[in-house]
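# Secondary and tertiary structure notes
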Protein chains: 2
Amino acid sequence: MKLALPAAAVILALSTAAAFAASKEEEAIKYRKAVMTTIAWNFGPIGAMVKGERPFDKNLAMRNADRLEALGKMPLEGFVPGTESGGDTKVKAEAFLEMDKFRTAMEKMQSETTKLAVAARSGNLDQIKPAFGDVAKACKSCHDNYRAK
Amino acid sequence: MKLALPAAAVILALSTAAAFAASKEEEAIKYRKAVMTTIAWNFGPIGAMVKGERPFDKNLAMRNADRLEALGKMPLEGFVPGTESGGDTKVKAEAFLEMDKFRTAMEKMQSETTKLAVAARSGNLDQIKPAFGDVAKACKSCHDNYRAK
């Protein structure tokens, strides 16, 4: 253990605070919802540009698309056994009963966000529009199948 | 508007759902808290490795450190005017009264996560430990100054 004592104390303090907050299952549900919230925040401005509701800002589009690509890889690990129901979640049981299909749907979203990030690097809104639409469709498809209204 | 109608309808449906959820200020508070939750989730496993509570997994450490670097750049934009108080937030007024200092503290965290990502690429836990400690200290310093207990 080469870690200096002050840093170790800091880590302990931070992790202890987390430990009191929730069970492992509650943490996983909170995490996956947090990722979705973060995705939505970064998705919104690109959508507004695509719809012509805000001026096209290629740097913002590129930044947010890169974020979406990174964030898209994060939610799946929050859907762990024991978080199917009972917690603060809208997930349908089907997501766990058909985990292979659910994972495939997540991977579809991931590959579409990667394509959006590539399109955003072009700096061309006409390339971003269809790629954005494909991400939106991947989101909606998974929500329709696996999230309760 | 070259977007095909089905995609446009999807985008409208997704954005309308978001619009009903909360005010702009509530969205910003929800967003910054979501980023913090996502940071904590990805921070934890590296901390457990550093403390010897779980086996060192260099790929997981690298992946999570890369995520922390990306996530570290996200929370600041959630601290917009109108979100100082009144909402579901523990932020202290000082964060808004001393926004330059608050921003500097955030930037310190960002640069420390970048160093952690570099250290994690070494695949050497002895390089990760001090870099991790520096991230933890940057987190704690900002929490101590700007987050209510």
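Before reading further, recall that the structure is shown in the block above.
I will try to describe carefully the structure that is included in this document.

Reading the values: the criteria
Residues numbered from 1 in each chain as written. Chains lettered and ligands numbered in written order. Predicted model: local features only at pLDDT ≥ 70, side-chain atom pairs only at ≥ 80, totals over all residues. Heavy atoms only, no water. Helix = DSSP H or I, 4+ residues; strand = E, 2+ residues; numbered from the N terminus. Buried < 20%, exposed > 50% of the residue type's maximum accessible area, 1.4 Å probe, protein only. Contact = heavy atoms within 4.5 Å. Areas by Shrake-Rupley, 256 points an atom, 1.4 Å probe, with all protein chains shown as cover. Lys, Arg positive; Asp, Glu negative; His and termini not counted. Salt bridge = Lys/Arg side-chain N within 4 Å of Asp/Glu carboxyl O. Polar contact = N/O pair within 3.5 Å; in protein donor to acceptor, adjacent residues only side chain to side chain. Axes fitted to C-alpha atoms, helices over the stretch in contact; angles between N-to-C directions. Parallel < 35°, antiparallel > 145°, perpendicular 65-115°, else oblique. Left-handed = near helix turned anticlockwise from the far one by under 90°. Nonpolar A, V, L, I, M, F, W, Y, C, P; charged D, E, K, R; others polar. Core = buried A, V, L, I, M, F, W, Y, C linked by side-chain atoms within 4.5 Å. Expected span 1.5 Å × (residues − 1). Phe/Tyr/Trp six-rings, centres within 6.5 Å; stacked < 30°, edge-to-face > 60°. 1 Å grid on protein atoms, 1.4 Å probe; cavity = no way out; pocket = protein on both sides within 12 Å on 5 of 7 lines; lining within 4 Å. Points joined across faces, edges and corners; volume = space filled by probe spheres on them.

## Here's the deal with the overall build of chain A
Per the secondary structure count, chain A includes 6 helices and 0 strands. Counted from the first residue to the last, chain A has its helices and strands arranged as α-α-α-α-α-α. The buried share among the 149 residues of chain A stands at 41%. Within chain A, residue pairs in contact and separated by at least 24 positions form 69% of the contacts whose partners lie at least 6 positions apart. In the structure as shown, chain A presents an accessible area of about 7700 Å², 58% of it carried by carbon and sulfur atoms.

## Examining the side chain of Arg-32 of chain B
Residue and element names in this part refer to chain B. When you line up the elements, Arg-32 lands in helix α2 (residues 24-50). For the buried residue Arg-32, which engages in no salt bridge, the nearest side chain bearing the opposite charge is Glu-84, 7.5 Å off. Here Thr-89 takes part through its side chain, which lies 2.9 Å from a polar atom of the side chain of Arg-32. Those residues in contact with Arg-32 that sit more than four places away from it in its chain are Pro-75, Gly-78, Phe-79, Val-80, Thr-83, Thr-89, Val-91 and Phe-96.

## Considerations on the packing of helix α3 (residues 58-72) of chain B against helix α5 (residues 99-121) of chain B
Residues and elements named next belong to chain B. At a minimum axis separation of 8 Å, α3 and α5 run at an interaxial angle of 160 degrees. It follows from the interaxial angle that α3 and α5 lie roughly antiparallel. Considering how the two elements wind past one another, α3 and α5 form a crossing that is left-handed. Facing α3, whose interface residues are Ala-61, Met-62, Ala-65, Asp-66, Leu-68, Glu-69 and Gly-72, α5 presents Met-109, Gln-110, Thr-113, Thr-114, Leu-116, Ala-117, Ala-120 and Arg-121. Partitioning the contact of α3 with α5 into residue classes produces 8 nonpolar, 4 polar and 3 charged.

## Regarding the nonpolar core
Side chains of nonpolar character tend, in soluble globular proteins, to be buried together. The biggest cluster of nonpolar side chains holds 48 residues, and the ones touching the most others in it are Ile-46, Leu-116 and Ile-128 of chain A together with Ile-46, Leu-116 and Ile-128 of chain B. Of all the secondary-structure elements, those providing two or more residues to this core are α2 (24-50), α3 (58-72), α5 (99-121) and α6 (125-146) of chain A together with α2, α3, α5 and α6 (125-146) of chain B. Residues in contact with Ile-46 of chain B, not counting those within four places in the same chain, are Ala-61, Asn-64, Ala-65, Leu-68, Leu-116, Ile-128 and Phe-132 of chain B.

## Quick look at α6 of chain B
Residues and elements named next belong to chain B. Relative to the 32 Å expected for 22 residues at 1.5 Å per residue, α6 spans 31 Å between its end C-alpha atoms, a close match to the ideal helical length. For α6, the set of buried residues is Leu-125, Ile-128, Lys-129, Ala-131, Phe-132, Gly-133, Val-135, Ala-136, Ala-138, Cys-139, Cys-142 and Tyr-146. Where α6 begins, one side-chain oxygen reaches toward the backbone nitrogen of Asp-126, 2.8 Å away; that side chain belongs to Asn-124.

## Describing the packing of aromatic side chains
Residue and element names in this part refer to chain A. On inspection of all chains with the given rule, the structure shows 10 aromatic pairs over all chains. The interplanar angle of 25 degrees and the centroid separation of 4.4 Å between the aromatic rings of Phe-43 and Phe-132 together place this pair among those described as stacked. Placement of Phe-43 in helix α2 and of Phe-132 in helix α6 is noted, with a sequence separation of 89 residues between them. For Phe-132, a relative accessible area of 0% translates into the label buried. Ring pairs connect the aromatic residues Phe-79, Phe-96, Phe-102 and Tyr-146, which therefore count as one cluster.

## Thoughts on the packing of α5 of chain A against α6 of chain A
Residue and element names in this part refer to chain A. One can describe the packing of α5 onto α6 by two numbers: an axis separation of 8 Å at closest approach and a directional angle of 165 degrees. Between α5 and α6, the interaxial angle falls into the category roughly antiparallel. α5 and α6 meet at a crossing whose hand is left-handed. Together, Lys-101, Phe-102, Ala-105, Lys-108, Met-109, Glu-112, Thr-113, Lys-115, Leu-116, Ala-119 and Ala-120 of α5 and Gln-127, Ile-128, Ala-131, Phe-132, Asp-134, Val-135, Ala-138, Cys-142 and Tyr-146 of α6 make up the contact between the two elements.

## Quick notes on the layout of surface pockets
By volume, the second largest pocket is sized at about 190 Å³. Here the lining of the second largest pocket takes 5 residues from α3 of chain B, the largest share from any one element.

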